[in-house]
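What the coordinates show
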Amino acid sequence: MFLVKENRTYDHLFGMFPGGDGATSGELCDGTTIELGRATDGQHGASHSFTSGITAIHGGRMNCFDRIQQGEGGATYVQYAEDQIPNYWAYARNYTLGDRFFSSTYGPTFVEHFWLVAASSNRYIENQRPVDGQAGDDGVIGGYCDDPTERIYSFPRLNAADTATVYDLEERAHVRELTRDWVTERWPCHDIKTVPDLLEHAGISWKYYLSDTPYFDVMGTIPHIRYGPMWSNVVDTSTFIPDVQSGNMPQVTWLMPPTPESDHPGYGALCDGENWTVRTVNAIMNSPEWKHTAIFLTWDDFGGFYDHVAPPHVDIYGYGPRVPLVVISPYAKRGSVFHGTSDFTSVLRFIEELHGLPTLTERDAAANDLIGAFDFRQAPSEPLTLHERDCSTVT
């Protein structure tokens, strides 16, 4: 199961985790080093757009998170201690934590979610926003294929020379020239082959559990899915736990949280998001499905928060800043930190190899398959049923 929360970096959530490659201080764009402050439960973040990711990474120097636009109450150089997110740390302590797992692109959510299913962003580089006419004639975002008036920022199709130019602009963090000369707009309704297509062809059951966040709805931008029989597998997130309890959990699952419990800074308290995760994982652990389930818990982009590890610059789309990965399974290595360089397409590679499927793009073909996070010779781990916290006392 691919369980995807929102907008947190590794250093932000696990920078103090023992045995992991974390940091408790960070560098500003002027070279000053500061200590990472203590984040609050309702912590706001900062801009996490495609260009903000390029700015923050600053050609691999990882020192310009202070140059991206700060949201209301935002602070980029902050992190949580174990006592603030004890259940996330409990999963990491008892199963496997990945400390070299990167977002697949510089950001933001909508673009990252393409990599979760297609090992590509379909050339998109931004969320759809209610500005510059992108929201469509009705002023609402998220109609996608159902609203031909919508537009979204994208790269055009680039030849090898143009791709090299864009790559160099990213290396030098020249975002103004990049956006001025190389970014276009197009209707977010274009076909692309996905892992669900491969699963469907192979007769393997799958569902994409979609919540109320329009930026998760990449399936609504893919015509053959939106208007074909596969659309019946795109279902509401609220049906996931009933599916587990009734014995109808698919073989492969993408699960997106409701907005208030997504962990997105400013959309809800992190405590509430952690409780939703616990409730979801408990449902699996307390079912017969646990004995043959692998849960890949991650966060979809960096949210503007600091991280000190430079991502490999594999192509013009990323990687983006590092995000946490927690592998929860009876066969996940117990109390282990997985140091293999990987990204969202690594989960796709795991699915492809597990089910004997072909790869989709150069990205998933080259991806670490995360098998190193497992030990299939160990005695299966017992379920770790956790208790939800009282969020009324959390600050």
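Criteria and cut-off values
- Residues numbered from 1 in each chain as written.
- Predicted model: local features only at pLDDT ≥ 70, side-chain atom pairs only at ≥ 80, totals over all residues.
- Heavy atoms only, no water.
- Phe/Tyr/Trp six-rings, centres within 6.5 Å; stacked < 30°, edge-to-face > 60°.
- Helix = DSSP H or I, 4+ residues; strand = E, 2+ residues; numbered from the N terminus.
- Buried < 20%, exposed > 50% of the residue type's maximum accessible area, 1.4 Å probe, protein only.
- Lys NZ or Arg CZ within 6 Å of the ring centre and 35° of its normal.
- Core = buried A, V, L, I, M, F, W, Y, C linked by side-chain atoms within 4.5 Å.
- Contact = heavy atoms within 4.5 Å.
- Pairing = 2+ DSSP bridges.
- Axes fitted to C-alpha atoms, helices over the stretch in contact; angles between N-to-C directions.
- Disulfide = S-S within 2.5 Å.
- Parallel < 35°, antiparallel > 145°, perpendicular 65-115°, else oblique.
- Left-handed = near helix turned anticlockwise from the far one by under 90°.
- Nonpolar A, V, L, I, M, F, W, Y, C, P; charged D, E, K, R; others polar.
- Salt bridge = Lys/Arg side-chain N within 4 Å of Asp/Glu carboxyl O.

1. Comments concerning the packing of aromatic side chains
Taken as a whole and judged by the stated rule, the model has 27 aromatic pairs. Arranged with centres 5.2 Å apart and planes meeting at 80 degrees, the rings of Tyr88 and Trp299 form a pair that is edge-to-face. Taken as a pair, Tyr88 in helix 3 (residues 86–94) and Trp299 in strand 13 (residues 295–299) lie far apart in primary sequence, 211 residues in all. Grouping residues by exposure puts Tyr88 and Trp299 together as buried. With 5.9 Å between their ring centres and 20 degrees between their planes, Phe102 and Tyr319 make a pair best called stacked. Residue Phe102 is located in strand 7 (residues 101–102), and its partner Tyr319 is located in the loop between strand 13 and strand 14 (325–328); the two are separated by 217 residues in the primary sequence. One aromatic cluster in this structure is built from Phe50, Tyr106, Trp115, Phe155 and Tyr317. Sitting over the face of the ring of Trp231, Arg226 holds its NZ or CZ atom 4.5 Å from the ring centroid. One cation-aromatic arrangement involves Arg363 over Trp115; the distance from NZ or CZ to the ring centre is 4.1 Å.

2. Things to note about the nonpolar core
If you look at the biggest cluster of nonpolar residues, it comprises 112 residues, and the most contacted ones within it are Phe14, Tyr91, Tyr208, Trp254 and Phe296. Contact partners of Tyr208, with chain neighbours within four places excluded, come to His113, Val117, Phe216, Val218, Met219, Asn233, Val234, Val235, Trp254 and Met256.

3. Section: the sheet that holds strand 11 (residues 234–236)
Paired through backbone hydrogen bonds, the strands of a sheet run either parallel or antiparallel to each other. Judged by pairing direction, the sheet is mixed, and its 8 strands sit side by side in the order 11-10-12-1-13-14-6-15 without closing on themselves. Looking at strand neighbours, the two that pair on one side only are strand 11 and strand 15 (336–338), the edges of this open sheet. Within the sheet, the average angular offset between the axes of one strand and its neighbour, ignoring direction, is 20 degrees.

4. Focus on the state of the cysteines
Evaluated as defined, the whole model comprises 3 disulfides. One disulfide in the model links Cys29 with Cys64; its S-S distance is 1.8 Å. Taking the sign of the torsion about the S-S bond as the criterion, the disulfide between Cys29 and Cys64, at about 55 degrees, is right-handed. Here Cys29, found in the loop between strand 2 (25–27) and strand 3 (33–35), pairs with Cys64, found in the loop between helix 2 (50–57) and strand 5 (78–79); they are 35 residues apart in sequence, far enough to count as distant. Across the pair, Cys64 and Cys29 agree in class, each one buried. The disulfide partner of Cys145 is Cys189, and the gap between their sulfur atoms is 2.0 Å. Given an S-S torsion of about 100 degrees, the disulfide between Cys145 and Cys189 has right-handed geometry. Taken together, the residues span a long stretch of sequence, with Cys145 in the loop between helix 4 (109–118) and strand 8 (152–154) and Cys189 in the loop between strand 9 (184–186) and helix 7 (195–202) at a distance of 44 residues. Assessed through its relative accessible area of 5%, Cys145 is described here as buried.

5. Overview of the packing of helix 4 against helix 11 (residues 344–355)
Interhelical geometry of helix 4 versus helix 11 gives an angle of 20 degrees and a closest axis separation of 7 Å. Overall, the two elements helix 4 and helix 11 adopt an arrangement that is roughly parallel. Note on packing geometry: the crossing formed by helix 4 with helix 11 is right-handed. When helix 4 is examined against helix 11, the residues Glu112, Trp115, Leu116, Val117 and Ala118 are found in contact with a partner set consisting of Phe344, Thr345 and Leu348. A per-class count over the contact of helix 4 with helix 11 returns 6 nonpolar, 1 polar and 1 charged.

6. Side note on the pattern of salt bridges
Two side chains of opposite charge can pair, provided their charged atoms sit close to one another. Scanning all chains against the criterion turns up 15 salt bridges. The partner of Asp146 in a salt bridge is Arg226, with the nearest N and O atoms 3.0 Å apart. In this pair, Asp146 is assigned in the loop between helix 4 and strand 8 and Arg226 in helix 8 (residues 223–226), connecting sequence segments 80 residues apart. Overall, Asp146 belongs to the partly exposed group, its relative accessible area being 44%. Three or more residues joined by partner-sharing salt bridges are found here, namely Asp11, Asp307 and Arg322.

7. Points about the environment of Ser336
With respect to the secondary-structure elements, Ser336 resides in strand 15. Judged by its relative accessible area of 17%, Ser336 falls in the buried class. In the structure, Ser336 is positioned 55 residues away from Val281 in sequence and 19 Å away in space, judged by C-alpha atoms. Contact partners of Ser336, with chain neighbours within four places excluded, come to Tyr95, Thr96 and Leu97.

8. As for the pairing of strand 13
Counting buried positions over the 5 residues of strand 13 gives 5, a clear majority of the element. Pairing of strand 13 with strand 14, which is carried by 4 bridges, proceeds in the antiparallel orientation. Across the sheet, residue Ile295 finds its bridge partner in strand 14, namely Ile328.

9. What about the environment of Glu27?
Checked against the element boundaries, Glu27 lands in strand 2. Its relative accessible area of 30% is what places Glu27 among the partly exposed residues. Along the sequence, Glu27 and Lys207 sit 180 residues apart, while their C-alpha atoms lie 42 Å from each other. What Glu27 contacts, discounting residues up to four positions off in sequence, is Thr32, Thr33, Met62, Asn63, Tyr77 and Tyr306.

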